[in-house]
Amino acid sequence: MRQTDIAIVGAGPAGLMAAIQAAEMGAQVLLLERANELGGQLIKQTHKFFGSREEYAGERGFEIAHKLMDQLVQLSNVTVWKNATALGYYPDGVLSVKQGNSFCLVKPKKLIVATGASEKTLAFPNNDLPGIYGAGAVQTLMNVYGVKPADRVLMVGAGNIGVIVAYQLLQAGVEVAAIIEAAPKIGAYWVHASKIQRCGVPILTGHTIKKAYGTDRLSGVTVCRLDEKWNQIPGTEQDFAVDGLCLAVGLSPLTELLWQAGCKMEFVPELGGYVPWRNADLLTTHHNIYVAGDVAGVEEASAAMVEGKLAGLAAAFALRYQSENFAALYHEAKSQLNALRSAPVSAKVCNGLCKVMLGEAV
Amino acid sequence: MRIANHPILEFPQRETVKFVFDGKEVTGLAGEPIAAALHAAGVRSLHHSSRFHRPRGLFCAIGNCSSCLMTVDGVPNVRICVEPLRAGMQVETQEGKGKLV
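Residues numbered from 1 in each chain as written. Chains lettered and ligands numbered in written order. Predicted model: local features only at pLDDT ≥ 70, side-chain atom pairs only at ≥ 80, totals over all residues.

> Just to check I follow, could you spell out the overall build of chain B for this structure?
Within chain B one finds one helix and eight strands. Its helices and strands in sequence order give chain B the pattern β-β-α-β-β-β-β-β-β, from N to C terminus. Computed over the C-alpha atoms, the radius of gyration of chain B is 14 Å, within 12% of the 13 Å expected from 2.2 N^0.38 for a compact globule of 101 residues. Taking the principal axes of the C-alpha coordinates as reference, chain B spans close to 45 × 25 × 20 Å. Looking at the 101 residues of chain B, the share that counts as buried comes to 40%. Sequence separation of at least 24 residues holds for 41% of the intrachain contacts in chain B that already meet a minimum separation of 6. (Helix = DSSP H or I, 4+ residues; strand = E, 2+ residues; numbered from the N terminus. Rg over C-alpha atoms; globule rule 2.2 N^0.38 Å. Buried ≥ 20, exposed ≤ 12 C-beta atoms within 10 Å, placed from the backbone. Contact = placed C-beta atoms within 7 Å.)

> Help me understand the environment of Ala-19 of chain A, please; the structure alone is not making it clear to me.
Within the secondary structure, Ala-19 of chain A sits in helix H1 (residues 13-24). Residue contacts for Ala-19 of chain A: discarding those within four places in its chain leaves Ile-8, Val-29, Leu-31, Leu-72, Val-78 and Gly-312 of chain A.

> Just to check I follow, could you spell out the sheet that holds strand E4 (residues 55-56) of chain B for this structure?
Whether parallel or antiparallel, the strands of a sheet pair through hydrogen bonds between backbone atoms. Residue and element names in this part refer to chain B. Read across the sheet, three strands follow the order E4-E3-E8 without closing on themselves; strand pairing throughout is mixed. The open sheet has two free edges, formed respectively by E4 and strand E8 (94-95), since each of these has just one partner strand. With two bridges joining them, strand E3 (residues 47-48) and E8 adopt parallel strand pairing. What sits directly across from His-48, in E8, is Glu-95. (Pairing = 2+ DSSP bridges.)

> Would you mind showing me how to read the domain arrangement of chain A here?
By a widespread convention, an interface's size corresponds to the accessible area lost as its parts come together. All names here are of chain A. Split by domain assignment, chain A resolves into domain 1 (2-118 + 251-354) and domain 2 (121-247). Here the C-alpha centre of domain 2 lies 31 Å away from the C-alpha centre of domain 1. The interface of domain 1 with domain 2 comprises five residues on the first partner and seven residues on the second. Here the residues of the side of domain 1 that touches domain 2 are counted per class, giving one nonpolar, three polar and one charged. (Domains from an automatic or database assignment. Nonpolar A, V, L, I, M, F, W, Y, C, P; charged D, E, K, R; others polar.)

> Mind showing me how you'd approach the packing of helix H4 (residues 160-171) of chain A against helix H5 (residues 190-198) of chain A here?
Helix-helix packing: each pair is described by the crossing angle between the helix axes and the interaxial distance. Residue and element names in this part refer to chain A. Running from N to C, H4 and H5 cross one another at 40°; their axes reach a closest spacing of 9 Å. Accordingly, the angle class assigned to the pair H4 and H5 is oblique. In terms of crossing hand, the pair formed by H4 and H5 is left-handed. Every residue of H5 that contacts H4 at Asn-160, Val-163, Ile-164, Ala-166 and Tyr-167 is listed here: His-192, Ala-193, Lys-195 and Ile-196. Its residues placed into classes, the contact of H4 with H5 shows six nonpolar, two polar and one charged. (Axes fitted to C-alpha atoms, helices over the stretch in contact; angles between N-to-C directions. Parallel < 35°, antiparallel > 145°, perpendicular 65-115°, else oblique. Left-handed = near helix turned anticlockwise from the far one by under 90°.)

> Which parts of the structure should I look at to understand the interface of chain B and chain A?
Listed per partner, the contact involves 27 residues of chain B and 25 residues of chain A. Mapped by element, the contributors of at least two residues to the side of chain B that touches chain A are helix H1 (34-40) and E4 of chain B. By residue number, the principal contributor to the side of chain B that touches chain A is H1 of chain B, which donates three residues. Across the side of chain B that touches chain A, the residue classes tally to 16 nonpolar, six polar and five charged.

> What is the right way to read the pairing of strand E6 (residues 75-79) of chain B from this model?
All names here are of chain B. As paired elements, strand E5 (residues 69-72) and E6 share three bridges and run antiparallel to each other. From the neighbouring strand, Met-70 faces E6, where its bridge partner is Val-78. Joining the antiparallel neighbours E5 and E6 is a turn of two residues, in which Asp-73 adopts a positive phi near 50°.

> What's the story with the environment of Glu-55 of chain A in this structure? I'm lost.
All names here are of chain A. With respect to the helices and strands, the residue Glu-55 is situated in the loop between strand E2 (29-32) and helix H2 (61-73). Assessed through the 22 C-beta atoms surrounding it within 10 Å, Glu-55 is described here as buried. Distance from Glu-55 to Gln-139, taken between C-alpha atoms, is 22 Å for residues 84 residues apart in sequence. Not counting the four nearest positions on each side in its chain, Glu-55 is found in contact with Phe-49, Ser-302, Met-305, Val-306, Gln-336 and Leu-340.

> Help me out: how do you make sense of the sheet that holds strand E15 (residues 244-247) of chain A in this one?
Residues and elements named next belong to chain A. With parallel pairing, five strands are arranged side by side in an open sheet as E8-E15-E9-E10-E11. Two strands lie at the open edges of the sheet, namely strand E8 (132-134) and strand E11 (203-205), each paired on one side alone. Here the strands of the sheet are splayed against their neighbours by 20° on average, with no regard to which way each runs. Direction of pairing for strand E9 (residues 152-156) relative to strand E10 (residues 175-181): parallel, over a ladder of five bridges.

> Help me understand unusual backbone geometry in this model?
Most peptide bonds take the trans form, and the phi angle of most residues other than glycine is negative. Residue and element names in this part refer to chain A. Positive phi, close to 50°, is recorded for Asn-83, a residue that is not glycine. Along the chain, Asn-83 falls in the loop between strand E3 (78-81) and strand E4 (84-89). Classification of Asn-83 as partly exposed rests on a count of 15 C-beta atoms within 10 Å.

The structure is reproduced here in structure tokens:
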């Protein structure tokens, strides 16, 4: 059995940042990543991030991923396992892992769960036809592997992800027929929404999918308008001949490990589903398990990175590692999080966080 | 179809390899997921559901959802969205749960 100070599950923005911070404090870190590449969803983000310089504002997601990986390889006390899926965490503190085709056990003193989130789908007739994708899948195909998901796509969801991925589809040379959104108004930042509308892509608010159709694969989608009570209005059907339908309808936290470890969980719609109770240091109700990023509540990559930083610092500190600038880094991370969440669009997230916040930390 | 020119991204050069999809020879790029190679070759339907035999395609592309399970080199239930392509692979459309023996 392998011993380590801190095991981190997931090497996306939160997990990478946690690994870097904990290792810089001196802790032995084992970073586990299910995919065969590090970076999580960052590697498929081609848009420039917002925020301040500390959160890499003005840089594109895949560039940020490369920067974090460059920092990580400098740290000799970090071990990275790719193709490694964490399977379970047991009462004796043992984490079981499938790496490639072999099974192994790890005993970390502290565990940081940074597993991220999975995409939600929508219920409508024929929603399983080939050609209907989650927005993340579309990004993976075109931005990581250079393959077009379809020739002509209808996008569902006018939040940031829907609008940004619609623009990325145009950049890849794919036609975007329209963006439909069930809510009466656009959820995305105006800068993104305006950009896609200037490119001639209409955003139809108050619209939903009535059905998808096609025999072996998607050949079209019927949409219709919704009234103020979210009921479909008969006679408002509109047909889109598309071979791709992209769903950007939200994410839900990937919390299986936390449930299995016995962390106290709560259903918080504002955070995307069931999330763990945690204190301000991202420590859950399990005294050795920390969380960071979307698994703790769906937000943006910028917030995930700062949460990762905080969880990494707190976990290393709990193991009595110290560094000269610990206090400064710790307080800086907390004020970064507050600043990121101070915008009016973050009100929903803040409401959600209040429902699962345990008393004071460190 | 592959993206010819992208305003921001450059895609790494990879070696072209041949593999077999349902008895037909197809080309793809070594190391990309099998799903990317099949997509580039225009293949969308990857398996058929076990109860109603409905066609299933790629949905999440990161190994979460099990929509893309196929039989690869005789092994059923391979998540082809995260399985790297190698020359000579035998990739088959899977019916239902697949046959283990």
